[in-house]
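Listed below are the residues making up each chain.
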Amino acid sequence: MKRIVFMLWVALSALTARAQSTNHAIGAHFGGSTIDLEYQYHFSRKNFLDCTAGLFDLDDGFSLQAVYNWNIKQWPEWTPNFGTWKFWGGFGGGVGFYDRGDDHAGMFFGPVGTLGFGFTLQCCPLTLGVDYRPMVAFNTGNDFSIIDRGFRNIGLTLTYRF
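Residues numbered from 1 in each chain as written. Predicted model: local features only at pLDDT ≥ 70, side-chain atom pairs only at ≥ 80, totals over all residues. Heavy atoms only, no water.

Q: In this structure, what is going on with the pairing of strand β1 (residues 24-31)? I would like to understand it.
A: For a regular strand, the rule is simple: side chains alternate between the two faces of the sheet. Examined bridge by bridge, β1 and strand β2 (residues 34-42) share seven bridges and lie antiparallel to one another. Paired with alanine 28 across the bridge in β2 is leucine 37. Counting the residues between successive antiparallel strands, the hairpin from β1 to β2 contains two residues. Across seven bridges, the pairing between β1 and strand β10 (residues 154-161) is antiparallel. Paired with glycine 31 across the strands is glycine 155, a residue of β10. (Pairing = 2+ DSSP bridges. Helix = DSSP H or I, 4+ residues; strand = E, 2+ residues; numbered from the N terminus.)

See the structure below:
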């Protein structure tokens, strides 16, 4: 009798169990001045850390960025069977190396911002969005200058939360 009760309890537990989403996400960003791989750590439904590594100015450099983001507004009622729409923004910093073949070669650093709009699918933890990630990049090469290519970083982002 104890075995039957135990087996029923296990069967009911398995039927009512749900998949647990974790705080981690991986993805890619394809922008006007960067192509990045990204990792996100979600502290809660309201904020997350976004770390990216990739090409800067498409083939003239390499950059690492970390941005702390807030989900500013979410609209789950817009398309409840499809997904949740959201608007996010944040700020952080970045470093990298830039070599365009002139006096601008060298390390760069500076602040980074983010503004994005997208949706997370209801059926799976996939987020697709359009975002603007400007960077004020101070170059410490042969002459100290600002690399303006970081200002045109409008792109697509795709992440999968696991």
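Q: Is there a simple way to think about the layout of surface pockets in this case?
A: Where empty space is left in the structure can be found by rolling a water-sized probe over the atoms. Looking at the largest pocket, its volume works out to about 630 Å³. Mapped by element, the contributors of at least two residues to the lining of the largest pocket are β2, β3 (47-56), β4 (61-79), β5 (83-98), β6 (106-121), β7 (126-132) and β10. For the lining of the largest pocket, the residue count by class is six nonpolar, 14 polar and seven charged. (1 Å grid on protein atoms, 1.4 Å probe; cavity = no way out; pocket = protein on both sides within 12 Å on 5 of 7 lines; lining within 4 Å. Points joined across faces, edges and corners; volume = space filled by probe spheres on them. Nonpolar A, V, L, I, M, F, W, Y, C, P; charged D, E, K, R; others polar.)

Structural measurements only, silent on function.
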